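Coordinate inspection notes
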Amino acid sequence: MACDYPPYLLDKIVSRKFADTGGRAYELVRNFTWTNEHQNAVASDMADGGMSAQAAAKKWVEANKIVWKDWLPR
């Protein structure tokens, strides 16, 4: 039984105004990527590990600086 998320492209939709005036915040949104593996790690910590969403997210952030640092505007 397939219990995983199907592969898909994450559509990031923003308003034209935000794209034109959002500056560094827009760059962050544009740079953001999220894989099934990222999602599964956080979801597993919540479902199987009993962690809150905040705690699971914090754990992921602390373990994946190499991933999210590339999201930050330069």
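Residues numbered from 1 in each chain as written. Predicted model: local features only at pLDDT ≥ 70, side-chain atom pairs only at ≥ 80, totals over all residues. Heavy atoms only, no water.

**Points about the overall build of the protein**
- Scanning the protein from N- to C-terminus turns up five helices and zero strands.
- Put simply, the protein runs from its N terminus to its C terminus through helices and strands in the order α-α-α-α-α.
- Relative to a compact globule of 74 residues, whose C-alpha radius of gyration would be 11 Å, the protein shows 15 Å and is clearly more extended.
- With the C-alpha coordinates of the protein rotated into their principal frame, the extents come out at 40 × 30 × 20 Å.
- Out of the 74 residues belonging to the protein, those deemed buried represent 15%.
- The contacts in the protein between residues at least 6 apart in sequence include a share of 47% that link residues at least 24 apart. (Helix = DSSP H or I, 4+ residues; strand = E, 2+ residues; numbered from the N terminus. Rg over C-alpha atoms; globule rule 2.2 N^0.38 Å. Buried < 20%, exposed > 50% of the residue type's maximum accessible area, 1.4 Å probe, protein only. Contact = heavy atoms within 4.5 Å.)

**Looking at the pattern of salt bridges**
- Evaluated as defined, the whole model comprises four salt bridges.
- A salt bridge links Asp 45 to Lys 59, with the nearest nitrogen and oxygen atoms 3.2 Å apart. Taken together, the positions of Asp 45 in helix 3 (residues 36-47) and Lys 59 in helix 4 (residues 53-63) put the pair 14 residues apart, joining distant regions of the chain.
- A salt bridge links Arg 74 to Asp 70, with the shortest nitrogen-to-oxygen separation between them at 3.5 Å.
- Overall, Arg 74 belongs to the exposed group, its relative accessible area being 76%.
- Residue classification places Asp 70 among the partly exposed residues on the basis of a relative accessible area of 43%. (Salt bridge = Lys/Arg side-chain N within 4 Å of Asp/Glu carboxyl O.)

**Quick word on the packing of helix 3 against helix 4**
- Interaxial distance between helix 3 and helix 4 falls to 9 Å at its minimum, and their mutual angle equals 135°. By the angle between their directions, the pair helix 3 and helix 4 is classed as oblique. Between helix 3 and helix 4 lies a crossing of right-handed hand. In contact with His 38, Ala 41, Val 42, Asp 45 and Met 46 of helix 3, helix 4 contributes Ala 53, Ala 56, Ala 57, Lys 59 and Trp 60.
- Grouping the amino acids of the contact of helix 3 with helix 4 by side-chain chemistry returns seven nonpolar, one polar and two charged. (Axes fitted to C-alpha atoms, helices over the stretch in contact; angles between N-to-C directions. Parallel < 35°, antiparallel > 145°, perpendicular 65-115°, else oblique. Left-handed = near helix turned anticlockwise from the far one by under 90°. Nonpolar A, V, L, I, M, F, W, Y, C, P; charged D, E, K, R; others polar.)

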